[in-house]
Amino acid sequence: MRISAAVSGALAVLLLVLVAVGWPPLLSLDREISEALHRSALAEPGFTHLNRILTDWVWDPWTMRALAAVAVGWLWWRRERLLALWVAGASLLTVGLQQGVKAAVDRPRPSWPDPVDSANYSAFPSGHVMTATVTCGLLLWVLALHWHEGRRGWGTLAGVAVVSVVGVGWTRVYLGVHWPSDVVGGWLLGWACVAAAIVTYRAAVARRPGAGPGQNGGSRMGDRR
């Protein structure tokens, strides 16, 4: 997990630098993909409306934060206070990191003469994508810590999380409110935050022997890289 955190963080920083300096090949690819998808969005109003529902309601950052809050409340009720605080802290720190990077890069969003949607603030990284990545990653981790091997449905839950993280990225580019590299940046930074949360939680628990069941940082997702 340390390697995963380091690699995703390094790639996120590299992409951030390329966006900040305006690397022509990246900007050209962003523009080419965005223009093609915008033409499709204009030609398919029904599908465009579906994408707006998904991005504005199902995968909206406030929906994701509500899910994280439910998880924190559940953990607190179970008296797993350290894990609850870790999930809450990682979620809040992600918001701060996201806003800080947006302000530092200050990248303009795509601009269209015939927009199908609108959004505020700077473009890089995508807040929708970063929030969904962190929330889904943290929720899968928490579930993995409490999942019994005999239970079914893990694959379904993991599939829903992956579809949500990938799907929200698609909607942001398809609706013309983000460049593709904004979405990739959200994925990389979001996963770096999840991996860092898992690594630091394990270290904290290691210094507190006997912390209690479900707080050893292991289980399925915690052992994966």
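Only a predicted model underlies this, so the values are computations on that prediction, with no experimental measurement involved.

What counts, and at which threshold
Each chain has its residues counted from 1, following the order in which its sequence is written. For this predicted model, a pLDDT threshold of at least 70 governs which residues receive local features, and a threshold of 80 or more governs which side-chain atom pairs are given and counted, while totals over whole chains, interfaces and linings are taken from all residues. The basis for every side-chain value is the complete set of non-hydrogen atoms in the structure, without hydrogens or water. Only rings of Phe, Tyr and Trp enter the pairing, Trp through its six-membered ring, and a pair is recorded when the two centres are within 6.5 Å. The plane angle decides the type: under 30 degrees is stacked, over 60 is edge-to-face, the rest tilted. Numbering of helices and strands starts at the N terminus; helices are DSSP runs of H or I of at least 4 residues and strands are runs of E of at least 2. Accessible area is worked out with a 1.4 Å probe on protein chains only. A residue is then buried under 20% of its type maximum, exposed over 50%, and partly exposed in between. Geometrically, a lysine NZ or arginine CZ counts as sitting over a ring once it is within 6 Å of the ring centre and also within 35 degrees of the ring normal. When a carboxyl oxygen of Asp or Glu is within 4 Å of a side-chain nitrogen of Lys or Arg, the pair counts as a salt bridge. Pairs of N or O atoms are called polar contacts if they sit within 3.5 Å, as long as, within protein, a hydrogen donor faces a hydrogen acceptor (for residues adjacent in sequence, only side-chain-to-side-chain pairs). In plain words, nonpolar cores are sets of buried Ala, Val, Leu, Ile, Met, Phe, Trp, Tyr and Cys residues tied together by side-chain atoms within 4.5 Å. Contact criterion: two residues are considered in contact whenever any of their non-hydrogen atoms come within 4.5 Å of each other.

## Considerations on the packing of aromatic side chains
Part 1 of the argument: Tallying each qualifying case throughout the model produces five aromatic pairs.
Part 2 of the argument: Between the aromatic rings of Trp 86 and Tyr 201, the centroid separation amounts to 5.8 Å while the plane-to-plane angle is 70 degrees, which identifies the pairing as edge-to-face. Placement of Trp 86 in helix H5 (residues 81-105) and of Tyr 201 in helix H8 (residues 180-206) is noted, with a sequence separation of 115 residues between them.
Part 3 of the argument: For Trp 86, a relative accessible area of 23% puts it in the partly exposed group.
Part 4 of the argument: Relative accessible area serves as the criterion here: at 0%, Tyr 201 is assigned to the buried category.
Part 5 of the argument: In this structure an aromatic cluster arises from ring pairing among Phe 47, Trp 170 and Tyr 174.
Part 6 of the argument: Directly above the ring of Trp 112 sits Arg 31, whose terminal nitrogen or CZ lies 5.7 Å from the centroid.

## Some remarks on the pattern of salt bridges
Part 1 of the argument: Here the structure, examined in full by the defined rule, presents five salt bridges.
Part 2 of the argument: A salt bridge links Arg 31 to Glu 35; the nearest nitrogen and oxygen atoms lie 3.9 Å apart. Separated by four residues within a single helix, Arg 31 and Glu 35 lie in helix H2 (residues 24-43), roughly one turn from each other.
Part 3 of the argument: Overall, the relative accessible area of 33% leaves Arg 31 in the partly exposed class.
Part 4 of the argument: One network of salt bridges, in which partners are shared, links Asp 30, Arg 107 and Asp 182.

## Considerations on the side chain of Ser 4
Part 1 of the argument: Inspection of the secondary structure assignment puts Ser 4 in helix H1 (residues 2-21).
Part 2 of the argument: A polar side-chain atom of Ser 4 sits 2.5 Å from a polar atom in the side chain of Trp 191.

## Here we look at the nonpolar core
Part 1 of the argument: Ranked by size, the top nonpolar core spans 32 residues in total, and within it Leu 83, Val 87, Leu 138 and Trp 141 carry the most contacts.
Part 2 of the argument: At the level of elements, H1, helix H4 (61-77), H5, helix H6 (127-146) and H8 are the ones that each hand at least two residues to this core.
Part 3 of the argument: Among the elements that take part in this core, H8 stands out by supplying ten residues, more than any other.
Part 4 of the argument: Every residue in contact with Leu 138, bar those within four places of it in the chain, is listed here: Val 87, Ala 90, Ser 91, Val 194 and Ala 197.
Part 5 of the argument: One finds Ala 132, Trp 154, Val 165 and Tyr 174 within the second-largest nonpolar core, a separate group that totals 19 residues.

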